[in-house]
Amino acid sequence: MTFATLGLIEPLLRALEALGYQTPTPVQAQAIPAVLAGRDLMAAAQTGTGKTAGFAVPLLQLLTLEGPKVTANSVRALILCPTRELAEQVHASVAQYAEHLPLTTYAVYGGVSINPQMMKLRKGVDVLVATPGRLIDLFRQNALKLNQLQTLVLDEADRMLDLGFSEELANIYRMLPKKRQTLLFSATFSDDIRLLAGQMLIDPLSIEVSPRNVAANTVKQWVVPVDKKRKAELFVHLMRKGKWKQVLVFAKTRNGVDALVDKLQGLGINADGIHGDKPQATRQRALDRFKASDVQILVATDVAARGLDIEDLPMVVNFDLPIVAEDYIHRIGRTGRAGNTGEAISLVCADEVNMLSAIEMLTRQTLTRKMEQDFEPEHRVPDTDASGQVVKKPKKPKKPKTSGGGGKRNLGKWVESGDVAAEPSIKPVRKVPVFNTGPRKKK
Ligand code: AMP
């Protein structure tokens with residue numbers, strides 16, 4: 001299957017080709033024709049699946065081929081995102097896809113001055129990416145009208161609810177024209193999300209895809225509990241014991257990268273580091289040397305490693321766990337590719353137990369722990385499992401599972417009401433207010 005066979009117009013095909021997208025990802029293959037056909041969509045897909053292009057590309061095509069020109073202070077498509085970072089990221093992608101189209105795009109979010117945003121909206125914008133709070137502020141200040149809205153996208157809907165945006169979403173819902181297309185994307189499907197979807201969507205097509213690398217069965221993953229201050233020592237010990245040859249190591253911060261590289265180099269180990277403070281050329285050089293095996297250990301932050309073409313490594317080490325659980329999947333996806341086996345080892349200290357728990361929930365597995373002799377931590381790492389429960393004290397009996405919502409990070413498996421007991425039993429964080437604006441018409 002190609003993007004052309006999905007019925008995309010030439011300017012979009014050109015943009016995708018320039019980005020190196022050759023084949024549609026599963027979510028794109030399902031979403032693009034459905035959106036082009038005007039359907040509402042309820043998609044269980046998270047970052048890394050290509051979901052952004054899945055909704056943005058067909059949406060841009062519809063805006064190009066259908067509907068009147070945008071008028072002052074209006075928007076024709078609205079993409080709601082939970083955070084400023086995601087809004088920026090989504091907008092950057094949308095702008096790339098729209099490069100050869102006669103459409104305008106813009107992103108608005110809180111934490112920065114509202115005035116430039118108001119100015120920019122004066123002429124109207126075809127595609128607006130927004131966080132909920134700032135969108136409402138702009139609307140209330142009459143800087144924004146939604147009567148021209150054709151398409152609404154709720155991106156990472158579960159995170160919006162988790163971050164407490166349910167009131168804002170209810171307010172926005174009241175501002176929307178009834179005749180529109182609505183696309184909802186969420187990594188997880190708790191009862192709250194289902195309620196939201198029931199109110200916002202009409203006869204939606206349901207799509208479920210697993211994240212690209214989560215099923216990395218070829219990657220052997222385990223955790224070594226250790227005290228924070230002994231991580232570097234443990235790393236060197238494991239490296240020597242396992243005779244590691246080429247290892248990509250992830251550290252949380254720039255300082256963390258530098259400190260580990262200094263320590264390794266001080267021991268005569270051939271190591272280099274990449275992080276956002278280093279120029280792109282320096283990063284690329286370090287990477288090239290790593291690929292050519294001139295450098296044995298490459299230490300990186302998530303941000304620096306993103307977008308770098310590091311493929312198929314025998315071993316990935318999480319010196320620190322990532323703050324965002326999805327990054328764990330991106331990290332370990334660097335190994336075990338194309339049928340090769342790989343190893344992913346995480347050095348975990350007591351402080352990181354919540355991150356470990358989030359990763360186990362996301363990947364739906366309890367990671368095996370292997371204690372390393374002479375490195376047993378003084379600060380015990382509490383027990384965790386894939387249900388997201390962190391057992392604070394040893395031997396505390398676990399609560400029996402009850403049926404309930406899917407919870408924060410259960411990876412969006414679609415469940416019917418009869419199935420919910422099979423899902424991790426995490427209570428929904430908040431209630432979604434009931435929207436009382438009556439049924440709406442399909443576009
Ligand atoms: P997303 O899940 O939308 O955050 O996308 C994850 C990453 O995959 C982004 O870096 C995209 O640029 C990239 N991507 C999306 N679709 C494709 C595709 N069809 N082929 C190659 N890369 C893609």
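Residues numbered from 1 in each chain as written. Predicted model: local features only at pLDDT ≥ 70, side-chain atom pairs only at ≥ 80, totals over all residues. Heavy atoms only, no water.

1. Details of the overall build of the protein
In plain terms, the rule: What counts as a helix is a DSSP run of H or I of at least four residues, what counts as a strand is a run of E of at least two, and both are numbered from the N terminus. Contacts are assigned to residue pairs that have any heavy atoms within 4.5 Å of one another. We get accessible surface area from the Shrake-Rupley algorithm with a probe of 1.4 Å; when it comes to residues, only the shown protein chains can shield them.
A tally of helices and strands in the protein yields 15 helices and 16 strands. Considering only contacts in the protein between residues 6 or more positions apart, those separated by 24 or more positions represent 76%. Just so you have it, the protein exposes about 19900 Å², and 51% of that area is on carbon and sulfur atoms.

2. Notes on the site of the ligand
Stated formally: Summary of the distance rule: residues count as near a molecule or strand when at least one heavy atom falls within 4 Å of that molecule or strand. Definition of a polar contact: a pair of N or O atoms within 3.5 Å, with one able to donate and the other able to accept a hydrogen when the atoms are protein atoms, and with sequence-neighbouring residues admitted only if both atoms are side-chain atoms.
Around the ligand lies a shell of 12 residues, among which Tyr21, Gln28, Gly48, Gly50 and Thr52 are the nearest. Between the ligand and Lys51, the relevant distance is 3.3 Å, taken from an oxygen atom to a main-chain nitrogen or oxygen of the residue. In the environment of the ligand, an oxygen atom lies 2.6 Å from a nitrogen or oxygen atom belonging to the side chain of Thr52.

3. With respect to the pairing of strand S13 (residues 342-348)
Keep this limit in mind: To sort residues, take the accessible area from a 1.4 Å probe on protein chains only and compare it with the maximum for the residue type: under 20% means buried, over 50% means exposed, and anything in between is partly exposed. Only when DSSP finds a minimum of two bridges between them are two strands counted as paired.
Of all 7 residues making up S13, 6 are buried, and the element is well covered by its neighbours. Direction of pairing for strand S12 (residues 315-318) relative to S13: parallel, over a ladder of 4 bridges. Counted as the bridge partner of Asn318 is Ser346 from S13.

4. A short note on the pattern of salt bridges
Here is the rule we go by: The rule for a salt bridge is simple: a side-chain nitrogen of Lys or Arg has to be within 4 Å of a carboxyl oxygen of Asp or Glu.
Counted by the stated rule, this structure contains 11 salt bridges. The partner of Arg14 in a salt bridge is Glu10, and the shortest N-O contact between them spans 2.9 Å. On the criterion of helical spacing, the pair formed by Arg14 and Glu10 is a turn pair, its members being 4 residues apart in helix H1 (residues 10-18). In this structure, Lys228 and Asp351 form a salt bridge, with 2.8 Å as the shortest nitrogen-oxygen distance.

5. Things to note about the pairing of strand S6 (residues 181-186)
Buried residues dominate S6, accounting for 6 of its 6 residues. What you see with S6 is no split at all: Gln181, Leu183 and Phe185 on one side and Thr182, Leu184 and Ser186 on the other are buried throughout. In this sheet, S6 lies alongside strand S1 (residues 41-44) in parallel orientation, the contact comprising 4 bridges. From the neighbouring strand, Leu41 faces S6, where its bridge partner is Leu183. Bridge count between strand S5 (residues 151-154) and S6: 4 bridges; the pairing is parallel. Looking at S6, one finds that Leu154 is bridged to Leu184.

6. Focus on unusual backbone geometry
Phi at Asn73 is positive, roughly 60°, even though this residue is not glycine. Assignment of secondary structure puts Asn73 in the loop between helix H3 (51-65) and strand S2 (75-80). At Glu156, a position not held by glycine, the phi torsion is positive, near 50°. Mapped onto the elements of the fold, Glu156 is located in the loop between S5 and helix H7 (157-162). Accessibility expressed as a relative area gives 8% for Glu156, which makes it buried.

7. Quick word on the packing of aromatic side chains
Note the threshold: When the centres of two rings from Phe, Tyr and Trp lie within 6.5 Å, Trp using its six-membered ring, the rings pair. Their planes under 30 degrees apart give stacked, over 60 give edge-to-face, and anything left gives tilted.
Throughout the structure, instances matching the rule amount to 3 aromatic pairs. On the numbers, 6.0 Å between centres and 65° between planes, the contact of Tyr21 with Tyr97 is edge-to-face. Highlighted residues: Tyr21 in the loop between H1 and helix H2 (26-36) and Tyr97 in helix H4 (residues 84-97), separated in sequence by 76 residues. According to the relative accessible area criterion, Tyr21 is partly exposed, its value standing at 29%. Between the aromatic rings of Phe235 and Trp244, the centroid separation amounts to 5.8 Å while the plane-to-plane angle is 65°, which identifies the pairing as edge-to-face.

8. Here's the deal with the sheet that holds strand S3 (residues 105-108)
The cut-off we apply is this: To obtain each axis, a line is fitted to C-alpha atoms, and for helices this fit is confined to the stretch in contact; angles are then taken between N-to-C directions over 0 to 180 degrees.
On the basis of which strands lie adjacent, the open sheet formed by 7 strands has the order S3-S4-S2-S5-S6-S1-S7 and parallel pairing. Lying at the two open borders of the sheet, with one neighbouring strand each, are S3 and strand S7 (205-208). Each neighbouring strand pair of the sheet contributes to a mean axis angle of 15°, computed without reference to strand direction. Inspection of the sheet shows S1 paired to S7 by 4 bridges, in the parallel sense. When the sheet's bridge partners are listed, Ala43 is paired in S7 with Ile207. Packed onto the sheet, H2 meets S1, S6 and S7 and runs at close to 165° relative to S7. Strands S1, S5 and S6 of the sheet are contacted by helix H9 (residues 191-200), whose axis makes an angle of about 170° with S6.

9. A short note on the packing of helix H14 (residues 325-332) against helix H15 (residues 353-363)
The following threshold applies: Angular relationships are summarised with four words: roughly parallel below 35 degrees, roughly antiparallel beyond 145, roughly perpendicular across 65 to 115, and oblique for the angles in between. Definitions for this section: a left-handed crossing has its near helix turned counterclockwise from the far helix by less than a right angle. A right-handed crossing has that turn clockwise. Residue classes follow a fixed rule: Ala, Val, Leu, Ile, Met, Phe, Trp, Tyr, Cys and Pro count as nonpolar, while Asp, Glu, Lys and Arg count as charged, and any other residue, Gly among them, counts as polar.
Where H14 meets H15, the closest approach of the two axes is 8 Å, and the angle between their N-to-C directions is 70°. When the axes of H14 and H15 are compared, the pair comes out roughly perpendicular. Seen from above, H14 lies across H15 with right-handed handedness. Along its contact with H14, which presents Ala325, Glu326, Tyr328 and Ile329, the element H15 presents Ala358, Ile359, Leu362 and Thr363. Of the residues belonging to the contact of H14 with H15, the class tally is 6 nonpolar, 1 polar and 1 charged.

10. Some words on the sheet that holds strand S9 (residues 247-250)
The strand order across the open sheet built from 7 strands is S10-S11-S9-S12-S13-S8-S14, with neighbouring strands paired in parallel fashion. The two strands at the open ends of the sheet, each matched to only one other strand, are strand S10 (271-274) and strand S14 (368-369). As paired strands, S9 and S12 are joined by 4 bridges and run parallel to one another. Bridging across to S12, Val249 finds its partner in Val317.

11. Examining the environment of His100
Here His100 is to be found in the loop between H4 and S3. Not counting the four nearest positions on each side in its chain, His100 is found in contact with Pro11, Arg14 and Ala15.

12. Some words on H3
The line we're drawing: Helices are assigned an expected span. That span is 1.5 Å times one less than the residue count.
Relative to the 21 Å expected for 15 residues at 1.5 Å per residue, H3 spans 22 Å between its end C-alpha atoms, a close match to the ideal helical length. Taking burial as the measure, the 15 residues of H3 include 13 buried ones, the bulk of the element. Directly beyond the C-terminal end of H3, a positive phi value near 90° is found at Gly67.

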